[in-house]
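Chain residues, written in single-letter form:
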Amino acid sequence: MSIGHALLGLLETGPRHGYDLKRTYDEHFGADRPLAYGQVYSTLSRLLRNGLVEESGVEPGGGPERKRYSITDAGVTDVAEWLVTPEKPEIYLQSALYTKVILALMSGRNAADVLDAQRVAHLRAMRELTVRKQRGDLADQLICDHALFHLEADLRWLELTTARLADLGKQVAS
């Protein structure tokens, strides 16, 4: 995800200082990977340099004064274009798991063990996500659903590959 675009989107709701942007970002998007303060301020500096935000005042804080930032018209246009630009679909034609299966077959190891270990890891992750989904709000439920659907697709691939291991082993051996 583009951190810059996320910060611009948050600034569309009104001027904010860096600390508030970080807190709001983490609340909505950073549950598993919160932003570092340095990343917020370096991104704001870049957005300022590119004319997408502007300083709109200073607020007193518990420590140093806090600069407040506002989105510019160019920033609004930039985030609007970003929102309607489709994300590139993630196509996994060269996955580490596929490589492990092929190398296990090539080396005479049991590729089914590789697939079984991965299945166990996926099911564990799915159980954890399901618990999180049940305890979470709607936003957390949606992000958990997204992850769960990807894991379900991976499980289907694991089952299909397990069913085809004998044929794949013959192809790899030749």
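Rules used throughout
Residues numbered from 1 in each chain as written. Predicted model: local features only at pLDDT ≥ 70, side-chain atom pairs only at ≥ 80, totals over all residues. Heavy atoms only, no water. Pairing = 2+ DSSP bridges. Helix = DSSP H or I, 4+ residues; strand = E, 2+ residues; numbered from the N terminus. Contact = heavy atoms within 4.5 Å. Axes fitted to C-alpha atoms, helices over the stretch in contact; angles between N-to-C directions. Core = buried A, V, L, I, M, F, W, Y, C linked by side-chain atoms within 4.5 Å. Buried < 20%, exposed > 50% of the residue type's maximum accessible area, 1.4 Å probe, protein only. Salt bridge = Lys/Arg side-chain N within 4 Å of Asp/Glu carboxyl O. Parallel < 35°, antiparallel > 145°, perpendicular 65-115°, else oblique. Nonpolar A, V, L, I, M, F, W, Y, C, P; charged D, E, K, R; others polar.

- The name that an unreviewed UniProt entry assigns to the protein chain is PadR family transcriptional regulator, with the source organism given as Actinokineospora xionganensis.

**So, the sheet that holds strand β3 (residues 66-71)**
Logical step 1: What the 3 strands build is an open sheet, ordered β1-β3-β2; its pairing is antiparallel. Two strands in the sheet have a free side with no partner beyond their single neighbour: β1 (16-17) and β2 (53-59).
Logical step 2: Strand direction decides the pairing type here: β2 and β3, joined by 5 bridges, are antiparallel. For valine 53, the partnering residue across the bridge sits in β3 and is isoleucine 71.
Logical step 3: Contacts from helix α3 (residues 37-49) reach β2 and β3 within the one sheet, and its direction differs from that of β2 by about 125°.

**Regarding the nonpolar core**
Logical step 1: Of all hydrophobic cores here, the largest spans 17 residues; its most connected members are Leu7, Leu8 and Leu11.
Logical step 2: Elements supplying a minimum of two residues to this core: α1 (3-11), α2 (18-28), α3 and β3.
Logical step 3: If one sorts the elements of this core by residue count, α1 sits on top with 6 residues.
Logical step 4: Sequence-distant contacts of leucine 11, defined by excluding residues within four places in its chain, comprise Arg16, Leu21, Leu44, Val53, Tyr69 and Ile71.

**Some points on the pattern of salt bridges**
Logical step 1: This model, assessed by the stated rule, comprises 9 salt bridges.
Logical step 2: For arginine 23, the salt bridge is made with aspartate 20, and the minimal N-O distance between the two is 2.3 Å. Taken as a pair, arginine 23 and aspartate 20 lie in helix α2 at a separation of 3 residues, close to a single helical turn.
Logical step 3: When the shortest N-O distance is used, the salt bridge between lysine 133 and aspartate 145 registers 2.5 Å. Residue lysine 133 is located in helix α6 (residues 111-135), and its partner aspartate 145 is located in helix α7 (residues 138-163); the two are separated by 12 residues in the primary sequence.
Logical step 4: Relative accessible area serves as the criterion here: at 28%, lysine 133 is assigned to the partly exposed category.
Logical step 5: Here the residues in one salt-bridge network are Arg16, Asp20, Arg23 and Glu27, joined through shared partners.

**Details of the packing of helix α5 (residues 96-106) against α6**
Helix-helix packing is described using two parameters, namely the angle between the two axes and the distance between the axes.
Logical step 1: It is at 8 Å that the axes of α5 and α6 come closest, and there the two elements cross at 155°. Taken together, the axis directions place α5 and α6 in an arrangement best described as roughly antiparallel. Where α5 approaches α6, its residues Leu97, Lys100, Val101, Ala104 and Leu105 are matched on the opposing element by Ala111, Val114, Leu115 and Gln118.
Logical step 2: Within the contact of α5 with α6, the residues separate by chemical class into 7 nonpolar, 1 polar and 1 charged.

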